[in-house]
Amino acid sequence: MAKNYTPAVFRQNSPITDSTRVLGMEAGKLPPQAIDMEEYVIGAILLERDAIDEISDFLKPECFYKEAHAKIYQAALDLSLREDPIDANTVTQELRKKEILEEVGGAYYLAVLTNKVMSAANINYNARIIHQKYLQRELIRISTDIQKSAFDESTDVDELLNRAEQGLFEISQGNIKKEVQSLSYLLAGVLEEIEHAKDTGILSGIRSGFTNLDRITGGWQPTDLIIIAARPAMGKTAFILSMARNMALDHKAGVAVFSLEMSSSQLVMRLIVSETEIYKDKLRTGKLETDDYSRLLEKIEVLSEAPVFIDDTPALSIVEFRAKCRRLVQMHHIKAVFIDYLQLMTWTGDTRGNREQEVSNISRSLKAIAKELNIPIIALSQLNRGVEARTGLQNKRPQLSDLRESGAIEQDADLVAFIHRPEYYGFTEDDQGNSLIGIAEIIIAKHRNGAIGDVNLKFKPEFAKFVEPDGMMTLEPITLDPIAYQSKMNDQSDEPEEAAYAAIPTSFPPMMSNTNGSEAPF
């Protein structure tokens, strides 16, 4: 649908026009333009009423170099939006109604443009050239602004880099277009995926390494934005590191971890503790037994082969994140990206101090990046304090409304999962008397493309790792049997849930405690 544009090329003191013309004068050249093709496109639109439908999805009024052409094209878009006929007469009336007819050259100029065109057969080709010229002018505008600011000694370099990245990001985002695909073409691709899963038993997505979680999700799916949320000390970072380790070592899938909260050395220490199961205090002090040191060297050699890439840039902007992800996909063929955590990312655009709008822009951009790169993006998120205010075993379970800035995150995410450890709140047994010690519930509260449900994992706080419950360790291909998982947080019926959870163990023996009796706050 068309929208009411105020073309930048003819706004007073327009940065596009001014900076572009300044650079053009300095270089002795005119800015990139294609006036003759602009005339052809406008004439074709006035000649054939449906011609505008071929180009309106990518050609905007600001793409025109000549101000009069931009205003005429906007008038044609307005008529198209109202589904009115488009020809020289109706556009003339529309311009007269806006009191700008004389500014564009009057009815005579419209007649001249119409007479220059014999047919609209080549309108798409000409329109794309106009669009390319517009992109060239935009690049000139941004580079000129950067050059001018770079010469200013008072300019903050970090801010200038952010502005440059944001400008290039907006241009590239606006230039990403995908053609319409027929259902028959899409069906062939989906059928191929289904047959592959049927013949091999291999999930369509990237396996997390946790069997029952993968049964529900089918693996983390390409293009999905997955939100993993929990209160502090529930093990969010430990959970994504456990998954990153499983993906990279067990399934040979390259992964990237963007840590905005912890340094890369801290993450590596966690991976070593998790893999070796040597207490962190021993590693920090170097008080290792002979067996410990041998195991340390053995596991480090294993970890060194893992295709895991860590970036610990603080306050990472969405522009920088996208650029790094694109390089990682191109150079290292990564299959999944983890973010720790979403609320620490920054948005370089103008949100007028509105944090909720900033998070909304970030989550929407993360989803767009996942689609562009065809990979799943798994982002951690904080929960608000609503969980702490509630009492009772069931009431402590997180809900979608507990998400910070929940409106945007919940809307953009393809899957939202919560980590819940009842033991943290002092609950050691459930209503049936089953032990809750060491149990971590992964609550899938939203799943746009599949079932919701709960999965129990075993959490080892002394090693900051999540593992399969006892008896569930397997690396064999998963058979996708028709288990109907239902989430207890969304269940409003009185029917027992035992059948739905028959395959998921709910009771485990007590876990090992730390040597000093404390629980690591992961």
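First, a word on scope: everything that follows refers to the structure included in this document. In this text the structure is predicted, and so the values were computed from the model without any measurement.

1. Remarks on the nonpolar core
Turning to step 1, where the next piece is worked out: The biggest cluster of nonpolar side chains holds 78 residues, and the ones touching the most others in it are Ile 227, Phe 239, Phe 321 and Val 337.
Turning to step 2, where the next piece is worked out: In terms of residues, this core owes the most to one element, helix H10 (residues 236-250), which gives seven residues.
Turning to step 3, where the next piece is worked out: If we ignore the near neighbours within four places in the chain, the residues touching Val 337 are Ala 256, Phe 258, Phe 321, Cys 325, Ile 375, Pro 376, Ile 377 and Ile 378.
Turning to step 4, where the next piece is worked out: In this structure, Ala 51, Val 104, Leu 113 and Ile 142 belong to the second largest nonpolar core, which totals 39 residues.

2. Some remarks on the pairing of strand E1 (residues 225-230)
Turning to step 1, where the next piece is worked out: Burial analysis of E1 places six of its six residues in the buried class, the great majority of the element.
Turning to step 2, where the next piece is worked out: Residues Leu 225, Ile 227 and Ala 229 of E1 are buried on one face, and the alternating residues Ile 226, Ile 228 and Ala 230, pointing to the opposite face, are buried as well.
Turning to step 3, where the next piece is worked out: Summarising the sheet, E1 and strand E5 (residues 377-382) pair through six bridges and their orientation is parallel. When the bridges of E5 are listed, Ala 230 appears paired with Gln 382.
Turning to step 4, where the next piece is worked out: Bridging between E1 and strand E6 (residues 415-420) involves four bridges; their strand directions are parallel. Looking at the pairing, Ala 229 lines up with Phe 418 of E6.

3. A closer look at the pattern of salt bridges
Turning to step 1, where the next piece is worked out: All told, the structure shown has 22 salt bridges when counted by the stated rule.
Turning to step 2, where the next piece is worked out: The shortest N-O distance in the salt bridge between Lys 324 and Glu 320 comes to 3.2 Å. Residue Lys 324 and its partner Glu 320 are located together in helix H14 (residues 318-332), separated by four residues, close to a single helical turn.
Turning to step 3, where the next piece is worked out: Classification of Lys 324 as buried rests on a relative accessible area of 13%.
Turning to step 4, where the next piece is worked out: Taking relative accessible area as the criterion, Glu 320 reaches 23% and is therefore assigned partly exposed.

4. Comments concerning the environment of Arg 397
Turning to step 1, where the next piece is worked out: Mapped onto the secondary structure, Arg 397 falls in the loop between helix H16 (386-389) and helix H17 (406-412).
Turning to step 2, where the next piece is worked out: Owing to a relative accessible area of 5%, Arg 397 belongs among the buried residues under this scheme.
Turning to step 3, where the next piece is worked out: Each C-alpha atom, one on Arg 397 and one on Ala 230, is 9.9 Å from the other, the two residues being 167 residues apart in sequence.
Turning to step 4, where the next piece is worked out: Within the structure, Arg 397 has its side chain in polar contact with the side chain of Glu 441 (distance 2.4 Å).

5. Structural notes on the sheet that holds E5
Think of a sheet as strands paired side by side through backbone hydrogen bonds, with each pair either parallel or antiparallel.
Turning to step 1, where the next piece is worked out: The nine strands lie next to each other as E3-E2-E4-E5-E1-E6-E7-E8-E9, forming an open sheet whose pairing is mixed. This sheet does not close on itself; its edge strands, each paired only once, are strand E3 (308-311) and strand E9 (465-467). Neighbour-to-neighbour, the strand axes of this sheet turn through a mean angle of 25°, independent of strand direction.
Turning to step 2, where the next piece is worked out: As paired elements, strand E4 (residues 336-340) and E5 share three bridges and run parallel to each other. By the bridge assignment, Val 337 is partnered in E5 with Ile 377.
Turning to step 3, where the next piece is worked out: Sheet contacts for helix H11 (residues 264-276): strand E2 (255-259), E3 and E9; angle to E3, the most-contacted strand, approximately 145°.
Turning to step 4, where the next piece is worked out: Running at roughly 155° to E2, H14 makes contact with E2, E3, E4 and E5 of the sheet.

6. What about helix H4 (residues 88-97)?
Turning to step 1, where the next piece is worked out: Listed in full, the buried residues belonging to H4 are Val 91, Thr 92, Glu 94 and Leu 95. Buried residues in H4, looked at end-on, bunch into an arc of 165°, giving them a common side. Turned more than 90 degrees away from the buried face of H4, the exposed residues are Asn 89 and Lys 97.
Turning to step 2, where the next piece is worked out: Looking at the buried residues of H4, the elements they touch are helix H2 (35-47), helix H3 (67-81) and helix H5 (106-115).
Turning to step 3, where the next piece is worked out: One side-chain oxygen at the N-terminal end of H4 lies 3.0 Å from the backbone nitrogen of Asn 89; it belongs to Asp 87.
Turning to step 4, where the next piece is worked out: One or two residues past the end of H4 sits Glu 99, with phi positive at roughly 60°.

7. Topic: the environment of Gly 438
Turning to step 1, where the next piece is worked out: Note on placement: Gly 438 falls in the loop between E6 and strand E7 (439-447).
Turning to step 2, where the next piece is worked out: Sequence separation of Gly 438 and Thr 428 is ten residues, and the distance between their C-alpha atoms is 9.0 Å.

8. Thoughts on the packing of aromatic side chains
Turning to step 1, where the next piece is worked out: Taken as a whole, this structure holds seven aromatic pairs when the rule is applied.
Turning to step 2, where the next piece is worked out: A ring pair is formed by Phe 239 and Phe 466, whose centres lie 5.2 Å apart and whose planes are at 70°; its orientation type is edge-to-face. Of this pair, Phe 239 sits in helix H10 while Phe 466 sits in strand E9; the two residues are 227 residues apart in sequence, bridging distant segments of the chain. Across the pair, Phe 466 and Phe 239 agree in class, each one buried.
Turning to step 3, where the next piece is worked out: Aromatic side chains Tyr 424 and Tyr 425 sit 5.2 Å apart centroid to centroid with 85° between the ring planes, which places their arrangement in the edge-to-face category.
Turning to step 4, where the next piece is worked out: Looking at Tyr 424, the relative accessible area reads 39%, which means it is partly exposed.
Turning to step 5, where the next piece is worked out: Put simply, the rings of Phe 210, Phe 239, Phe 459 and Phe 466 touch in pairs and so form one group of aromatic residues.

9. Concerning unusual backbone geometry
Turning to step 1, where the next piece is worked out: For the bond from Asp 340 to Tyr 341, the omega torsion is -5°, close enough to zero to count as cis.
Turning to step 2, where the next piece is worked out: Here Tyr 341 lies in the loop between E4 and helix H15 (355-373).
Turning to step 3, where the next piece is worked out: Within the chain, Thr 223 stands out as a residue other than glycine whose phi angle is a positive 75°.
Turning to step 4, where the next piece is worked out: You can see Thr 223 is positioned in the loop between helix H9 (211-217) and E1.

10. A closer look at the environment of Tyr 424
Turning to step 1, where the next piece is worked out: Of note, Tyr 424 is situated in the loop between E6 and E7.
Turning to step 2, where the next piece is worked out: In this structure, the C-alpha to C-alpha distance between Tyr 424 and Leu 436, residues twelve residues apart in sequence, is 9.9 Å.

11. Regarding a nonpolar patch on the surface
Turning to step 1, where the next piece is worked out: A cluster of nonpolar side chains, namely Val 190, Leu 191 and Ile 194, defines an oily patch on the protein surface of about 270 Å² accessible area.
Turning to step 2, where the next piece is worked out: Residue position: Leu 191 is located in helix H8 (residues 183-200).

12. Looking at the packing of H2 against H3
Turning to step 1, where the next piece is worked out: At a closest axis distance of 11 Å, the pairing of H2 and H3 adopts a crossing angle of 25°. Accordingly, the angle class assigned to the pair H2 and H3 is roughly parallel. For the crossing formed where H2 meets H3, the hand is left-handed. Taken together, the residues of H3 that come into contact with H2 (itself represented by Ile 35, Glu 38, Glu 39, Ile 42 and Ile 45) are His 69, Ile 72, Tyr 73 and Ala 76.
Turning to step 2, where the next piece is worked out: For the contact of H2 with H3, the class distribution of residues is six nonpolar, one polar and two charged.

About the thresholds
Residues numbered from 1 in each chain as written. Predicted model: local features only at pLDDT ≥ 70, side-chain atom pairs only at ≥ 80, totals over all residues. Heavy atoms only, no water. Core = buried A, V, L, I, M, F, W, Y, C linked by side-chain atoms within 4.5 Å. Buried < 20%, exposed > 50% of the residue type's maximum accessible area, 1.4 Å probe, protein only. Helix = DSSP H or I, 4+ residues; strand = E, 2+ residues; numbered from the N terminus. Contact = heavy atoms within 4.5 Å. Pairing = 2+ DSSP bridges. Salt bridge = Lys/Arg side-chain N within 4 Å of Asp/Glu carboxyl O. Polar contact = N/O pair within 3.5 Å; in protein donor to acceptor, adjacent residues only side chain to side chain. Axes fitted to C-alpha atoms, helices over the stretch in contact; angles between N-to-C directions. Arc of directions from axis to C-beta. Phe/Tyr/Trp six-rings, centres within 6.5 Å; stacked < 30°, edge-to-face > 60°. Patch = residues over 30% accessible without salt bridge, like charges linked within 9 Å, V, L, I, M, F, W, Y side chains within 5 Å. Areas by Shrake-Rupley, 256 points an atom, 1.4 Å probe, with all protein chains shown as cover. Parallel < 35°, antiparallel > 145°, perpendicular 65-115°, else oblique. Left-handed = near helix turned anticlockwise from the far one by under 90°. Nonpolar A, V, L, I, M, F, W, Y, C, P; charged D, E, K, R; others polar.

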